[in-house]
Amino acid sequence: MKNLLFRSAFLAALAAAPVFTSCSDDNDTPTPDDDNEQITTVRYELTPVNGGSTLTAQYRDVDGDGGAAPVISGLTLAANTTYTGKIVLLDETKTPAEDISAEVKQEADEHLLVFTPTGVNLTVTRTDKDKNNLEVGLETRLQTAAASATAGTLRVALRHQPGTKNGTATPGDTDVEVDFPVVVK
């Protein structure tokens with residue numbers, strides 16, 4: 001009798017389970033995670049302060065991770081020269097391409113571009129700021145020093161830091177990270 005009573009209670013609970021779960025206000029349709037931006041193209045445009053042609057380094061991976069390898073072009077910079085810089089970020093999986101730079105600018109208090117030169121004589125200074133007076137990096141000043149004997153790289157990383165941005169690269173996640181080949185002549 002005890003076993004029959006247990007089975008009856010178990011079956012009643014099992015039958016009632018859909019009633020309890022269907023009363024939830026949760027949306028059963030998953031939504032995509034929009035925290036990090038989809039970025040297929042990173043372009044760094046540099047114009048010499050004293051005049052001259054704009055130089056462009058570009059990373060482009062239209063099919064995203066996997067598939068075809070990204071196409072990366074580098075920079076050949078003049079020694080002892082100052083450049084104004086502009087970062088352009090695009091999502092070319094959409095038609096027309098979505099300008100992620102505009103979104104980063106709009107949400108500047110949640111983003112930081114980090115520039116890390118390796119093996120090359122240059123420094124990058126972010127010149128734009130968010131509403132909290134913290135640097136963003138869509139606009140820069142790049143200063144080269146003496147010519148380098150070898151090529152190096154300039155890593156450009158977009159950090160997504162909602163609610164945690166403090167002016168350093170540490171908090172948050174990386175939306176995109178690119179190593180551009182660079183030569184200073």
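Each chain carries its own residue numbering, running from 1 in the direction its sequence is written. Residue-level local features of this predicted model are given only where pLDDT is at least 70; pairs of side-chain atoms are given and counted only at 80 or more, and the full residue set underlies all totals for whole chains, interfaces and linings. With hydrogens and water set aside, each side-chain value is computed from the structure's full complement of heavy atoms.

Draft legend 1. Structural view of the environment of E110. Think of it this way: any DSSP run of H or I at least four residues long counts as a helix, any run of E at least two long counts as a strand, and we number them from the N terminus. Structurally, the position occupied by E110 is in the loop between helix 2 (100-106) and strand 7 (111-118). In this scheme, a residue with accessible area under 20% of its type's maximum is buried, one over 50% is exposed, and one in between is partly exposed, where area comes from a 1.4 Å probe on protein chains only. The class of E110 is partly exposed, set by a relative accessible area of 23%. Only heavy atoms matter for contacts: two residues are in contact if any of them lie within 4.5 Å across the pair. The residues contacting E110, other than those within four sequence positions of it, are R159, H160, Q161, P162 and K165.

Draft legend 2. Focus on the sheet that holds strand 11 (residues 173-184). Taken together, the 4 strands give an open sheet; going across it, the order is 4-11-10-7, and neighbouring strands pair in mixed fashion. The open sheet is flanked by strand 4 (75-77) and strand 7, the only strands paired with a single partner. Neighbour-to-neighbour, the strand axes of this sheet turn through a mean angle of 30 degrees, independent of strand direction. Sheet analysis places strand 7 next to strand 10 (residues 152-160), joined by 8 bridges and oriented antiparallel. From the neighbouring strand, H111 faces strand 10, where its bridge partner is H160. Should DSSP find at least two bridges between two strands, the strands are taken to pair. Between N-to-C directions, angles span 0 to 180 degrees; the directions come from axes that are lines fitted to C-alpha atoms, helices contributing only their stretch in contact.

Draft legend 3. Just the environment of T56, in detail. With respect to the element layout, T56 can be found in strand 2 (residues 55-60). Between the C-alpha atoms of T56 and R43, which are 13 residues apart in sequence, the distance is 6.7 Å. If sequence neighbours within four positions are ignored, T56 has contacts with R43, Y44, E45, S73, G74 and L75.

Draft legend 4. Structural context of the confidence of the model for the chain. The predicted model of the chain has a mean per-residue pLDDT of 85, with 80% of residues at 70 or higher. By definition, pLDDT measures how confident the predictor is in each residue, and it falls between 0 and 100. Every residue in residues 1-34 is under pLDDT 50, and counting partners more than four places away or in other chains gives 0 contacts.

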